[in-house]
Amino acid sequence: MPRYVRPYASSAIEAAIDAFGGNHAKVAVLGYLAKHGPSTAAEVAEGTGLGRPTVKAHLYQFADSGVVVADPARTMPVEDRTGQRVRYTVVSDTVQSHLDALKSALGLPD
């Protein structure tokens, strides 16, 4: 597999790029949650037309990076959340922070 050159960027820019950059499926998942509020992976998959495994993978990445929160948390033992559907919610302050970092990196006005 080819290796791609990755130019230096601050940790804030890297986080913003990871959150939004270059992945249409990630943007669709985050956009769905932003528009529709707390949702399950199944609801996001249905609403975006993406496969459930793809949606779950992106939701897990977003949760790990603090862009969304899961309720109940994924770290809760499975036996303790039996029967509970996990709902994901966008953390607006974190998203705004990433957007501000991207704007700064792109030289866009505030």
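Since the structure is predicted, the reported quantities are computational estimates derived from the model, not experimental observations.

S.K.: Describe the side chain of Ser39, listing the residues and the values that go with them.
M.R.: Tracing the backbone shows Ser39 in the loop between helix 2 (24-36) and helix 3 (41-48). Classification of Ser39 as buried rests on a relative accessible area of 2%. Contacts of Ser39, omitting those with residues within four sequence positions, involve Tyr32, Leu33, Val44, Val86, Arg87 and Tyr88.

S.K.: Please set out the packing of helix 2 against helix 3 residue by residue, giving values where relevant.
M.R.: The geometry of helix 2 relative to helix 3 is characterised by a closest axis approach of 10 Å and an angle of 110° between their N-to-C directions. With respect to each other, helix 2 and helix 3 are oriented roughly perpendicular. Contacts between helix 2 and helix 3 pair Ala28, Val29, Tyr32 and Leu33 from the former with Glu43, Val44, Gly47 and Thr48 from the latter. Its residues placed into classes, the contact of helix 2 with helix 3 shows five nonpolar, two polar and one charged.

S.K.: Describe the environment of Val95, naming the residues involved and giving the relevant values.
M.R.: Position of Val95 relative to the elements: it lies in helix 5 (residues 92-106). When the C-alpha positions of Val95 and Gly66 are compared, they lie 9.0 Å apart, and in sequence the two are 29 residues distant.

S.K.: For the environment of Glu43, give the residues involved together with the corresponding values.
M.R.: Within the secondary structure layout, Glu43 lies in helix 3. Between the alpha carbons of Glu43 and Tyr32 there is a distance of 9.3 Å; along the sequence they are eleven residues apart. Look past the residues within four positions of Glu43 in its chain and what remains in contact with it is Tyr32, Pro38 and Arg87. Among the polar contacts made by the side chain of Glu43, one reaches the main-chain amide nitrogen of Thr40 at a distance of 2.8 Å.

S.K.: Lay out the pattern of salt bridges in plain terms, naming residues and giving numbers.
M.R.: Applying the stated criterion across every chain yields a total of one salt bridge. Residues Glu43 and Arg87 are paired through a salt bridge, measuring 2.9 Å at the closest nitrogen-oxygen approach. Residue Glu43 is located in helix 3, and its partner Arg87 is located in strand 2 (residues 87-90); the two are separated by 44 residues in the primary sequence.

S.K.: How would you sum up helix 4 (residues 52-65)? Please name residues and give values.
M.R.: End to end, helix 4 covers 20 Å across 14 residues, agreeing with the expected 20 Å (1.5 Å per residue, within 8%). All buried positions along helix 4 are accounted for by Val55, His58, Leu59 and Phe62. The buried residues of helix 4 occupy an angular sector of 100° when projected down its axis, which confines them to one face. Across helix 4 from its buried face, at more than 90 degrees, point the exposed residues Pro53 and Asp64. Remark: Gly66 follows helix 4 within two positions and exhibits a positive phi of approximately 85°.

Conventions adopted
- Here the residue numbering is sequential within each chain, running from 1 through the sequence in written order.
- Two thresholds apply to this predicted model, a pLDDT of at least 70 for residue-level local features and 80 or more for giving and counting side-chain atom pairs, whereas whole-chain, interface and lining totals are computed over all residues.
- Side-chain metrics rest on all non-hydrogen atoms present in the structure, leaving aside hydrogens and water.
- In this text, helices come from DSSP runs of H or I with a minimum length of four residues, and strands from runs of E with a minimum of two, each type numbered from the N-terminal end.
- Categorising residues by exposure relies on relative accessible area from a 1.4 Å probe, with only protein chains included: less than 20% of the type maximum marks a residue as buried, more than 50% marks it as exposed, and the intermediate range marks it as partly exposed.
- Whether two residues are in contact is decided by their heavy atoms: any pair within 4.5 Å suffices.
- Every angle, taken between N-to-C directions, lies between 0 and 180 degrees, and every axis is a line fitted to C-alpha atoms, over only the stretch in contact when it is a helix.
- Just so you know how the angles are binned, under 35 degrees is roughly parallel, over 145 roughly antiparallel, 65 to 115 roughly perpendicular, and the rest oblique.
- Amino acids are sorted into nonpolar (Ala, Val, Leu, Ile, Met, Phe, Trp, Tyr, Cys and Pro), charged (Asp, Glu, Lys and Arg) and polar (every other residue, Gly among them).
- Whenever a nitrogen or oxygen atom comes within 3.5 Å of another N or O atom, the pair is scored as a polar contact, on the condition that within protein one atom can donate a hydrogen and the other can accept it, and that pairs from neighbouring residues in sequence are kept only if both atoms are in side chains.
- The salt bridge definition used is simple: a Lys or Arg side-chain nitrogen within 4 Å of an Asp or Glu carboxyl oxygen.
- Helix span, as expected, comes to 1.5 Å for every residue beyond the first.
- Directions drawn from the helix axis to the C-beta atoms are what define this arc.

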